[in-house]
Amino acid sequence: MQVFPPSTNTISRVSIFGAVFFAVGLLFVVYLIFRSPYITQVNVTRDQPVPFSHEHHITALGIDCRYCHTSVESSTFAGIPATETCMSCHSQIWVNSPMLEPVRKSMQTNEPIRWNRVHDLPDYAYFNHAVHVNKGVGCVSCHGRVDLMPLTWKAEPMTMEWCLGCHREPEKHLRPIEEVFNMTWTPPKDQLALGRELIKKQHIPVDRLTNCYVCHR
């Protein structure tokens, strides 16, 4: 006597294949979530104590990055401008602006402004701004066109995969040292040739850039 009807074979096949497709679909959805701005925070503006506009200060006023980020060429950390840096201008202009009240209060109380970090690498990842800047990696390569941002957002995911992409092919991203802080610099048609030339000129150890210890110490 037959226990299961013939249709059971069809149901079993559909169930097996359905389970496989469901598992693959679930993995794909998880992959998309981890690549989404919800996780990477790419293109997501962060609320700040003061709505600082890089677009206004860089593009409109022509202030150089290094005026505020004073240690970017000599330290692992680019540096966050002290209140005194802000007040060097705002003690004379926009002195009564309600928007700048946190800056004035910081100056009066000697308490630093607590900015919310836009780029915050994990503690186990070592990054040195000075090394990158002094080897010809432009600000735009990692931070995007900051000079066009009315409020600052994260332009790149800063994932291990993204970093390794540059470390594997640095010739695609290098520029002359004098153009590192130039936001409007555009790569030439022969960027790869220029990059290879700069690798030799700057003595960049390409063969070691993908070693684990470079970023994990």
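Here, every reference points to the structure presented above.
The numbers attached to residues start from 1 for each chain and follow its sequence in the written order. With the structure being a predicted model, the display of local features is reserved for residues of pLDDT at least 70 and the display and counting of side-chain atom pairs for 80 or more, all residues being used for whole-chain, interface and lining totals. Hydrogens and water molecules were not included; the side-chain quantities draw on all heavy atoms of the structure.

Engineer: Got a sec to walk through the overall build of the protein? Specific residues and values, please.
Structural biologist: Within the protein, the regular secondary structure consists of ten helices and zero strands. Counting from the N terminus, the helices are DSSP H or I runs at least four residues long and the strands are E runs at least two residues long. Walking the protein from its N terminus toward its C terminus, one meets helices and strands in the order α-α-α-α-α-α-α-α-α-α. With respect to the three principal axes, the spread of C-alpha positions in the protein is 95 × 50 × 35 Å. Whether a residue is buried, partly exposed or exposed follows from its accessible area with a 1.4 Å probe, protein chains only, as a fraction of its type maximum: under 20%, in between, or over 50%, in that order. For the protein, buried positions account for 29% of its 217 residues. Pairs at least 24 apart in sequence give 66% of the contacts found in the protein among residues at least 6 apart. All accessible-area figures derive from a Shrake-Rupley calculation using a 1.4 Å probe, and residue coverage is judged against the displayed protein chains alone. When the accessible surface of the protein is totalled, it reaches about 15,000 Å², and 62% of it is carbon and sulfur. Positive and negative charge centroids in the protein, built from 20 and 19 side chains respectively, lie 6 Å apart. Note on contacts: a residue pair qualifies if any of its non-hydrogen atoms lie within 4.5 Å across the two residues. In this tally, Lys and Arg are treated as positive and Asp and Glu as negative; His is ignored, and so are the chain termini. Where a charge lies is defined by one atom per residue type, namely NZ (Lys), CZ (Arg), CG (Asp) and CD (Glu).

Engineer: Give a detailed account of the packing of helix α5 (residues 83-90) against helix α6 (residues 101-109), specifying residues and quantitative values.
Structural biologist: The axes are straight lines fitted to the C-alpha atoms, using for helices just the contacting stretch, and the angles between their N-to-C directions are given from 0 to 180°. Closest axis-to-axis distance for the α5/α6 pair is 10 Å, and the angle between their directions is 115°. Relative to α6, α5 is oriented so that their crossing is left-handed. Residue-level contacts link Thr83, Glu84, Cys86 and Met87 of α5 to Val103, Arg104, Ser106 and Met107 of α6. Tallied by class, the residues present in the contact of α5 with α6 amount to four nonpolar, two polar and two charged. Left-handed describes a crossing whose near helix is turned anticlockwise from the far helix by less than a right angle; the clockwise case is right-handed. Put simply, Ala, Val, Leu, Ile, Met, Phe, Trp, Tyr, Cys and Pro go in the nonpolar bin, Asp, Glu, Lys and Arg in the charged bin, and everything else, Gly too, in the polar bin.

Engineer: Go over the environment of Val214, please, and point to the residues and values.
Structural biologist: Relative to the helices and strands, Val214 is located in the segment after α10 (191-201). Taking relative accessible area as the criterion, Val214 reaches 18% and is therefore assigned buried. For the pair Val214 and Gly144, spaced 70 residues apart in sequence, the C-alpha to C-alpha distance is 24 Å. Setting aside residues no more than four positions away along its own chain, Val214 makes contact with Tyr126, His167, Arg208 and Leu209.

Engineer: Outline the layout of surface pockets, supporting the account with residue identities and numerical values.
Structural biologist: To locate leftover empty space, one rolls a probe as large as a water molecule over the atoms. Cavities and pockets were defined on a 1 Å grid built over protein atoms only: a cavity is a set of grid points that admits a 1.4 Å probe from which the probe cannot escape, a pocket is an open set flanked by protein on both sides within 12 Å along at least five of seven lines, and lining residues are those with an atom within 4 Å of any such point. Grid points are joined across faces, edges and corners, and a volume is the space filled by probe spheres set on the points. Here the second largest pocket is characterised by a volume of approximately 1,200 Å³. Lining the second largest pocket we find 45 residues, and of these Phe127, His132, Cys163, His167 and Cys215 sit closest to its centre. Contributions of two or more residues to the lining of the second largest pocket are made by α7 (129-135), α8 (139-143) and α9 (160-168). Broken down by element, the residue count for the lining of the second largest pocket peaks at seven residues, all from α9. In the lining of the second largest pocket, the residues fall into 26 nonpolar, twelve polar and seven charged.

Engineer: Describe the pattern of salt bridges, with residues and values.
Structural biologist: Salt bridge criterion: a side-chain nitrogen from Lys or Arg within 4 Å of a carboxyl oxygen from Asp or Glu. For the structure shown, the criterion picks out seven salt bridges. In this structure, the salt-bridge partner of Arg117 is Asp120, at a minimum N-O distance of 3.9 Å. Relative accessible area serves as the criterion here: at 55%, Asp120 is assigned to the exposed category. Notably, a salt bridge pairs Asp147 with Arg145, separated by 2.7 Å at the nearest N-O pair. Salt bridges sharing common partners tie together Asp64, Arg66 and Glu73.

Engineer: Account for the nonpolar core, with residues named and values stated.
Structural biologist: Residues Ile58, Cys65, Val72, Ala78, Val133, Cys139, Val146, Met149, Val180, Phe181 and Met183 constitute the largest nonpolar core, which totals eleven residues. Throughout, nonpolar core names a set of buried Ala, Val, Leu, Ile, Met, Phe, Trp, Tyr and Cys residues whose side chains join them through atoms within 4.5 Å. Formed by eight residues, the second largest nonpolar core is a distinct cluster that contains Leu174, Leu198, Ile204 and Leu209.

Engineer: Please set out unusual backbone geometry residue by residue, giving values where relevant.
Structural biologist: A positive phi angle, near 65°, is found at Asn43, a position not held by glycine. Take Asn43: it is sitting in the loop between α2 (37-40) and α3 (54-60). The phi dihedral of Trp94 falls on the positive side, at around 55°, and the residue is not glycine. Its location among the elements puts Trp94 in the loop between α5 and α6. For Trp94, a relative accessible area of 52% translates into the label exposed.

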